[in-house]
Amino acid sequence: MEAPPDNDVLWARSLHFTYDDGSPALGGVSLGVREGEIVAVSGPRGSGKTTLLRCLSGLLPVRRGEVWFNSTPVHTMGALTRERLRRDRFGWIDPAPLLVPELNAWENTALPLMLRGTSRRRAKNAALEWLERLDVGELSRRHPRELRQAERQRVAIARALAPAPTVLFADEPTAPLHRADRAQVLRTLTTAARTHGITVVLATHDAETAALADRTVALLDGRRVTTVHLPPVTESEGRAACSLSV
Ligand SMILES: Nc1ncnc2c1ncn2[C@@H]1O[C@H](COP(=O)(O)OP(=O)(O)OP(=O)(O)O)[C@@H](O)[C@H]1O
């Protein structure tokens, strides 16, 4: 088993994945992600973006191919070790916010920190700080049922960033937000990641979102098609092209 390059925090080789019902999702994807890099995984619906993020994060067991995190093989880990890895080193944002209904916004945000052993007081302070950054600081005592979907998603993003994970996996993180809010939340997310040296793997089918990343890995039908280097977005342009070609 050949070890990955030292400077890649995440590295995958020839990843294949087929769901139990026979749906093929990944057909041999290889990629490396450097420390602190923000990588967009782009592609149309059903191209395998979510499956790739789930395999890289250890959420789905890899049966064919390899996944390495910081030179440690993830594909040979048992379920418990992968769970611990996800808890201690990774963050995850879903396209729809999944919050604990019994906990208020700051308690939800503080939860991953407390699960890692941070004291309640420190976790609360960190949670309140991140909720402020995501512009939902004044809603910190509200429960998920008292928040709008877009506000819940901001809480979910604060919760993912609060423990400063080594790698943040973000699956269409701004899907529930209005277009006007999207850019602002994405900028908060990418700025926070760059400030704290968090590596981000961001699944998106939106060219404007992909344009905020350092690099794009394009998927089509479970295979990499091209890596598109997007030009920086200027205020006047507001968007950048992201094309897929086989
Ligand atoms: N839980 C599942 N069970 C069976 N097949 C699945 C499952 N999840 C995804 N698939 C299939 O795997 C393929 C890749 O899906 P995946 O969700 O990874 O793509 P995606 O690019 O993230 O799509 P989307 O943008 O719609 O989320 C698709 O054909 C999809 O139907």
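Note that this is a predicted model, so its numbers are computed, not measured.

### Points about the nonpolar core
Membership of the largest hydrophobic core comes to 66 residues, with the highest contact counts inside it found for Val39, Val41, Val201 and Leu202. In this structure Val39 touches Val33, Val200, Val201, Leu202, Ala213, Asp214, Arg215 and Val217, once residues within four positions along its chain are discounted.

### Concerning the sheet that holds strand S4 (residues 64-69)
With antiparallel pairing, the four strands of this open sheet are ordered in space as S2-S1-S4-S5. The sheet is open, and its two edges are formed by strand S2 (24-34) and strand S5 (72-73), each paired on a single side. Here eight bridges tie strand S1 (residues 8-18) to S2, and the two strands are oriented antiparallel to one another. Counted as the bridge partner of His16 is Gly27 from S2.

### A short note on the environment of Met77
Looking at the secondary structure, you find Met77 in the loop between S5 and helix H2 (79-89). Of the residues examined, Met77 has 18 C-beta atoms within 10 Å and is grouped as partly exposed. Put simply, Met77 and Pro61 are 16 residues apart on the chain and 8.5 Å apart in space, counted from C-alpha to C-alpha. Apart from the residues within four sequence positions on either side, Met77 is in contact with Gly58, Arg82 and Leu85.

### Concerning the site of the ligand
In the vicinity of the ligand, 14 residues are found, and the nearest of them are Tyr19, Ser23, Ala25, Thr50 and Thr51. Per-element accounting of the shell around the ligand gives the leading share, three residues, to helix H1 (residues 49-56). Looking at the shell around the ligand, its residues break down into three nonpolar, eight polar and three charged.

### Thoughts on the environment of Leu202
Relative to the assigned elements, Leu202 resides in strand S8 (residues 199-204). Judged by local crowding, Leu202 falls into the buried class, with 28 C-beta atoms found within 10 Å. A sequence separation of 109 residues divides Leu202 from Ile93, and the C-alpha atoms of the two residues are 9.3 Å apart. If near-sequence neighbours (up to four positions away) are discounted, Leu202 is found in contact with Ile38, Val39, Ala40, Val41, Ala170 and Ala213.

Parameters and conventions
- Residues numbered from 1 in each chain as written.
- Predicted model: local features only at pLDDT ≥ 70, side-chain atom pairs only at ≥ 80, totals over all residues.
- Core = buried A, V, L, I, M, F, W, Y, C linked by C-beta atoms within 7 Å.
- Buried ≥ 20, exposed ≤ 12 C-beta atoms within 10 Å, placed from the backbone.
- Contact = placed C-beta atoms within 7 Å.
- Pairing = 2+ DSSP bridges.
- Helix = DSSP H or I, 4+ residues; strand = E, 2+ residues; numbered from the N terminus.
- Near = placed C-beta within 6 Å.
- Nonpolar A, V, L, I, M, F, W, Y, C, P; charged D, E, K, R; others polar.

Such coordinate-based values are descriptive only and should not be taken to indicate function.
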